[in-house]
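Reading the structure
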Amino acid sequence: MIGVGYGRMERWQDAARTLRRYVERSRHADHKIEALERLGEVQLRLGQLRAADDTFGEAAALGRRSAGQIRRGLYYAAQARYQQGEIVLRQYEAVRIEGDVASLRSRLERKAALLARAAEIYTDTVSFREPATATAALYRIGYSYEQFAQALRNAPVPRTLSEAEAQAYREQIETFVVPIEERALSAYEGGYRRALELHIYNRWTQDIRRALERLN
């Protein structure tokens, strides 16, 4: 609670130090997983993405090892895995679509690869079978692909290009748009089906259904 208190005061260094000390001493799986997840959140605040990813990974791994023995920790283990997906999405967002035509394809391929990696992590989040986090992850997969397709469609053509170069630029982008939209639709369909299989009916399930209808 001291570590949480430091976080509420935005004393992030103190929060990180206190939570890490707790993690090193605790033998209570539920509490340790929660402390790890909270520590990862603090590290994100400090801009320590790699450390946060490692901490979230540690929380998720402990959650898997302790399956059947934890209660509250299940939520935090699932959240930790979900946050690892969010970190990959940060890397994806850092790759700009705008730029020269010569390197456009490599930039788009890089973004697509990072998005696929994030989708893998979100899918793995569902395996924890924690209702709220599972459906949020299922929605996030489809939403991320949908937003990528939309960003591609709205990407401005560099003004310095000639008419022929502008056409080539648009054609390269278009070759990515349709497959990405199909992945978004497939993700929403699979996510909605999975939510029903898990008997999860919440606002995320509703969002998935609305998105599915919209994209269809």
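Values in this document were obtained by computation on a predicted structure and should not be read as measured data.

**Re helix H3 (residues 29–45)**
Over its 17 residues, H3 runs 24 Å from end to end, which matches the ideal 24 Å to within 8%, given 1.5 Å per residue. Every buried residue of H3 is listed here: Asp30, Ile33, Glu34, Ala35, Leu36, Glu37, Leu39, Gly40, Val42, Gln43 and Leu44. Along its buried surface, H3 packs onto helix H2 (12–25), helix H4 (49–65) and helix H5 (72–94).

**Some words on unusual backbone geometry**
Residues other than glycine seldom take positive phi values, yet Glu10 does so here, at roughly 60°. For Glu10, the position within the fold is in the loop between helix H1 (2–8) and H2. Take Glu10: its relative accessible area is 55%, and that puts it in the exposed class.

**Some points on the packing of aromatic side chains**
Within this structure, the stated rule accounts for six aromatic pairs. For the ring pair Tyr82 and Tyr122, a centre distance of 5.3 Å and an interplane angle of 50° mean the geometry is tilted. Of this pair, Tyr82 sits in helix H5 while Tyr122 sits in helix H6 (residues 104–126), and the two are 40 residues apart along the sequence. Judged by relative accessible area, Tyr122 falls into the buried class, the value being 1%.

Reading the values: rules and limits
- Residues numbered from 1 in each chain as written.
- Predicted model: local features only at pLDDT ≥ 70, side-chain atom pairs only at ≥ 80, totals over all residues.
- Heavy atoms only, no water.
- Helix = DSSP H or I, 4+ residues; strand = E, 2+ residues; numbered from the N terminus.
- Expected span 1.5 Å × (residues − 1).
- Buried < 20%, exposed > 50% of the residue type's maximum accessible area, 1.4 Å probe, protein only.
- Contact = heavy atoms within 4.5 Å.
- Phe/Tyr/Trp six-rings, centres within 6.5 Å; stacked < 30°, edge-to-face > 60°.

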